[in-house]
Amino acid sequence: MIYIATFYTHAAALLTHRALTKNGIEAVMQPVPRALSSSCGTCVRYAADDPCFPILDRDAEQVAECTTDGYRVIRRFD
């Protein structure tokens, strides 16, 4: 599956990218797609068997799954 995680801060996106790649998960930082809003404008797109919630930084905003029709938000963080 391909997931996109959005964040409240750019630093959180950077820390998540580092944590995912350290755990052997293919990940790239990129601008947030227009269909998903974000506070900082930077997201992490990654390929994994599951959404990897425990690896994400505490300032994660949401995680969306990439679908053939666009994106489906699977979790919003408070």
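That block above? That's the structure.
Asker: Can you help me understand the pairing of strand 4 (residues 60-67) in this one?
Answerer: Sheet faces and side chains relate simply in a regular strand, where the side chains alternate between the two faces. Burial analysis of strand 4 places seven of its eight residues in the buried class, the great majority of the element. As defined by bridge partners, strand 1 (residues 2-7) adjoins strand 4 across five bridges and the pair is classed as antiparallel. For Tyr3, the partnering residue across the bridge sits in strand 4 and is Glu65. Relative to strand 5 (residues 70-76), strand 4 runs antiparallel, the two being bridged by six bridges. Paired with Gln62 across the bridge in strand 5 is Arg76.

Asker: Just checking my understanding: could you explain the nonpolar core for this structure?
Answerer: Side chains of nonpolar character tend, in soluble globular proteins, to be buried together. If you look at the biggest cluster of nonpolar residues, it comprises 16 residues, and the most contacted ones within it are Phe7, Leu20, Val44, Tyr46, Leu56 and Val63. Of all the secondary-structure elements, those providing two or more residues to this core are strand 1, helix 1 (10-22), strand 3 (42-47) and strand 4. Those residues in contact with Leu20 that lie beyond four places of it in its chain are Ile25, Ala27, Val44, Tyr46, Cys52 and Ile55. Ranked by size, the runner-up nonpolar core spans six residues in total, among them Ile4, Val32, Cys43 and Ala64.

Asker: Hey, could you run me through unusual backbone geometry in this one?
Answerer: Glycine aside, the phi torsion of most residues is negative, and most peptide linkages are trans. Backbone geometry at Cys52 places phi at a positive 60°, although glycine is not the residue there. Topologically, Cys52 is positioned in the loop between strand 3 and strand 4. A residue is classified by how much of its surface remains accessible, and Cys52, at 6% relative accessible area, is buried.

Asker: Could you clarify how one ought to interpret the sheet that holds strand 5 in this entry?
Answerer: In a beta sheet, neighbouring strands pair by backbone hydrogen bonds and run either parallel or antiparallel. Sheet architecture is open: five strands sit in the order 2-3-1-4-5, paired in antiparallel fashion. Every interior strand has two partners, whereas the edge strands, strand 2 (26-31) and strand 5, have only one. Mean inter-strand twist for the sheet, computed between neighbouring axes without regard to direction, equals 30°. Most of the contacts of helix 1 go to strand 2, to which it runs at about 160°, and overall it touches strand 1, strand 2 and strand 3.

How each quantity is defined
Residues numbered from 1 in each chain as written. Predicted model: local features only at pLDDT ≥ 70, side-chain atom pairs only at ≥ 80, totals over all residues. Heavy atoms only, no water. Buried < 20%, exposed > 50% of the residue type's maximum accessible area, 1.4 Å probe, protein only. Helix = DSSP H or I, 4+ residues; strand = E, 2+ residues; numbered from the N terminus. Pairing = 2+ DSSP bridges. Core = buried A, V, L, I, M, F, W, Y, C linked by side-chain atoms within 4.5 Å. Contact = heavy atoms within 4.5 Å. Axes fitted to C-alpha atoms, helices over the stretch in contact; angles between N-to-C directions.

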